[in-house]
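Architecture at a glance
Read off the chains here:
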Amino acid sequence: MHTPNILVINQLSDRHISAITNSVPGCSIISCDLADAEKYIDTAEIIVAWGWMDLQELYLKAPKLRWVHALSAGVEKMLFPEMISSSTLLTNSRGIHGIPMSEHVISMILAFTRGLNVFIKQQQQRVWKRTALEEIHEKTIGIIGLGSIGREIAKRAKGLGMRVVASKREMTTELFVDTLYTSNQIEEVLAVSDFVVVTLPETKQTQGLFTLNLFKLMKPSAYFINVARGSIVKEDDLSIALSQGIIKGAALDVFENEPLPESSPLWDVPNVIITPHIAAISPHYLDRAMKLFCENLACYCGGQEMVNIIDKTKGY
């Protein structure tokens, strides 16, 4: 079996290093920070890094590189011109984010329906006051972009008695989805949903997708939840939709610029929950990411079909 030199631009624990060597005995592993990566790049055949890392300069100094693997699902910083035009394999960690992200989405829905966003503020002010509450039972959740994350959200929503509608590029049989629409039928999803959840990848087609015109298609009682990428939403339009009551509220984990600038009007809009891009965070994240990488590494070295190969022209 082929035994490559692997450069991991992240600090790994002994158990992660052992997992790699157990999957492909004899391979060489360097684990370091991005600042030190240049010291080892000339012999690296495989780079493992985060999709938000700017690897362009490093890539141009890697004569033996054949494969780049992202520990994240997003690979936006890895899609520079030299990478796109090359034969270098690019893979990601799609499929490991569903559990924490679906729990995050459900927690945001429950926070709104049970008034937690209101009661937490009142507690800080020592105010005892009831507010109108709702149930999620038989409410409709609309998932825009039904991939592995969307399926986990659908599963949990269905278990809580919700009606699930979703959109995706291809029509498939989905166990936990009541009605499936194509990606060209987003308007139909928005019109019927009480909660709109965005789980789309960032591509040229999805950048700036959600404008004021789309928000106007939503119910005035609906909530907007974005756990995908901030670039998918025109934030100024979202601020208008919220401040004018076009939609009822929003839970936002991702933004056009991160950290969210102090000057952003979103900080002060009532009925908005802001979290600092943490929906996928879990104490089990890196274990899952390395397990996926190790399985792909064994396929790569054994000449077998790999998973999660990115179409670099499409970005996913």
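Quick caveat: nothing in here was measured; it's all calculated off a predicted structure.

Reading guide: rules and limits
Residues numbered from 1 in each chain as written. Predicted model: local features only at pLDDT ≥ 70, side-chain atom pairs only at ≥ 80, totals over all residues. Heavy atoms only, no water. Helix = DSSP H or I, 4+ residues; strand = E, 2+ residues; numbered from the N terminus. Expected span 1.5 Å × (residues − 1). Buried < 20%, exposed > 50% of the residue type's maximum accessible area, 1.4 Å probe, protein only. Contact = heavy atoms within 4.5 Å. Phe/Tyr/Trp six-rings, centres within 6.5 Å; stacked < 30°, edge-to-face > 60°. Lys, Arg positive; Asp, Glu negative; His and termini not counted. Salt bridge = Lys/Arg side-chain N within 4 Å of Asp/Glu carboxyl O. Polar contact = N/O pair within 3.5 Å; in protein donor to acceptor, adjacent residues only side chain to side chain. Disulfide = S-S within 2.5 Å. Pairing = 2+ DSSP bridges. Axes fitted to C-alpha atoms, helices over the stretch in contact; angles between N-to-C directions. Core = buried A, V, L, I, M, F, W, Y, C linked by side-chain atoms within 4.5 Å. Parallel < 35°, antiparallel > 145°, perpendicular 65-115°, else oblique. Left-handed = near helix turned anticlockwise from the far one by under 90°.

1. Things to note about helix α6 (residues 148–159)
For α6, spanning 12 residues, the distance from its first C-alpha to its last is 17 Å, which sits close to the expected 16 Å at 1.5 Å a residue. Inspection of α6 places Ile149, Gly150, Glu152, Ile153, Ala154 and Ala157 among the buried residues, and these make up the whole buried set. Those residues of α6 that are buried lie in contact with α4 (98–113), β6 (140–144), β7 (163–168) and β9 (195–198). Of the residues trailing α6, Gly161 is marked for its positive phi of about 85°.

2. Here's the deal with the packing of aromatic side chains
Scanning all chains against the criterion turns up 10 aromatic pairs. A ring pair is formed by Phe210 and Phe215, whose centres lie 5.9 Å apart and whose planes are at 40°; its orientation type is tilted. Just as Phe210 is buried, Phe215 falls in that class too. Put simply, the rings of Trp50, Trp52 and Tyr285 touch in pairs and so form one group of aromatic residues.

3. With respect to the side chain of Lys312
Position of Lys312 among the secondary structure elements: in the segment after α10 (285–302). Among buried charged residues, Lys312 stands out as having no salt bridge; its nearest opposite-charge side chain is Asp311, 8.6 Å away. In this structure the side chain of Lys312 is engaged in a polar contact, spanning 2.9 Å, whose partner is the backbone oxygen of Ser86. Setting aside residues no more than four positions away along its own chain, Lys312 makes contact with Leu79, Met83, Ile84, Ser86, Ser87, Thr88 and Leu90.

4. Let's talk about the pattern of salt bridges
Counted according to the given criterion, the structure contains 14 salt bridges. Of the charged contacts in the structure, one is a salt bridge between Lys61 and Glu57, with a shortest N-O distance of 3.5 Å. Note on Lys61: relative accessible area 34%, which makes it partly exposed. Its relative accessible area of 56% is what places Glu57 among the exposed residues.

5. Overview of the state of the cysteines
Should the sulfur atoms of two cysteines be covalently bonded, the bond is a disulfide. Summed over all chains, the structure comprises zero disulfides. Free cysteine: Cys299, not disulfide-bonded; nearest cysteine sulfur from Cys301 at 9.6 Å. In this structure Cys301 is a free cysteine whose sulfur lies 7.0 Å from that of Cys27, the closest cysteine sulfur available.

6. Examining the side chain of Arg229
Mapped onto the elements of the fold, Arg229 is located in the loop between β10 (223–226) and α9 (235–243). Residue contacts for Arg229: discarding those within four places in its chain leaves Gly74, Glu76, Glu202, Val254 and His277.

7. Describing the sheet that holds strand β11 (residues 249–252)
Judged by pairing direction, the sheet is parallel, and its seven strands sit side by side in the order β8-β7-β6-β9-β10-β11-β12 without closing on themselves. With partners counted over all chains shown, the strands left at the sheet margins are β8 (179–182) and β12 (272–274), one partner each. In this sheet, adjacent strand axes meet at a mean angle of 15° when their direction is disregarded. Sheet topology note: the β6/β9 ladder contains four bridges and is parallel. Residue pairing in the sheet places Gly142 in a bridge with Val196 of β9. Sitting on the sheet, α4 touches β6, β9, β10, β11 and β12, and the angle it makes with β10 is about 155°.

8. Some thoughts on the sheet that holds strand β3 (residues 46–49)
Pairing in this open sheet of five strands is parallel, and the strands run β2-β1-β3-β4-β5 from one edge to the other. The open sheet has two edge strands with one neighbour each: β2 (28–31) and β5 (89–91). In this sheet, neighbouring strand axes are inclined to one another by 15° on average, regardless of whether the strands run parallel or antiparallel. Across the sheet, α10 touches β1 (5–8), β3, β4 (67–70) and β5, and the angle it forms with β4 is around 165°.

9. Some details on the nonpolar core
One finds Ile6, Ile9, Ile20, Ile47, Leu55, Phe293 and Leu297 to be the most contacted residues of the largest nonpolar core, which totals 46 residues. Looking at this core, the elements that each hand over two or more residues are β1, β3, α2 (56–59), β4 and α10. A total of 10 residues in this core trace back to one element, the largest contributor, which is α10. Residues within four places of Ile6 in sequence aside, it is in contact with Ile20, Cys27, Ser28, Ile29, Ile30, Ile46, Val48, Phe293 and Leu297.

10. Comments concerning the environment of Ile136
With respect to the secondary-structure elements, Ile136 resides in the loop between α5 (116–124) and β6. For the pair Ile136 and Arg163, spaced 27 residues apart in sequence, the C-alpha separation works out to 9.4 Å. Residues contacting Ile136, with those up to four places away along its chain left out, are Ile109, Leu110, Thr113, Leu160, Gly161 and Met162.

11. Describing the packing of helix α1 (residues 14–23) against α10
One can describe the packing of α1 onto α10 by two numbers: an axis separation of 9 Å at closest approach and a directional angle of 15°. Compared by their axis directions, α1 and α10 come out roughly parallel. Relative to α10, α1 is oriented so that their crossing is right-handed. Residues Arg15, His16, Ala19, Ile20 and Ser23 of α1 pack against Leu286, Asp287, Met290, Phe293, Cys294, Leu297 and Ala298 of α10.

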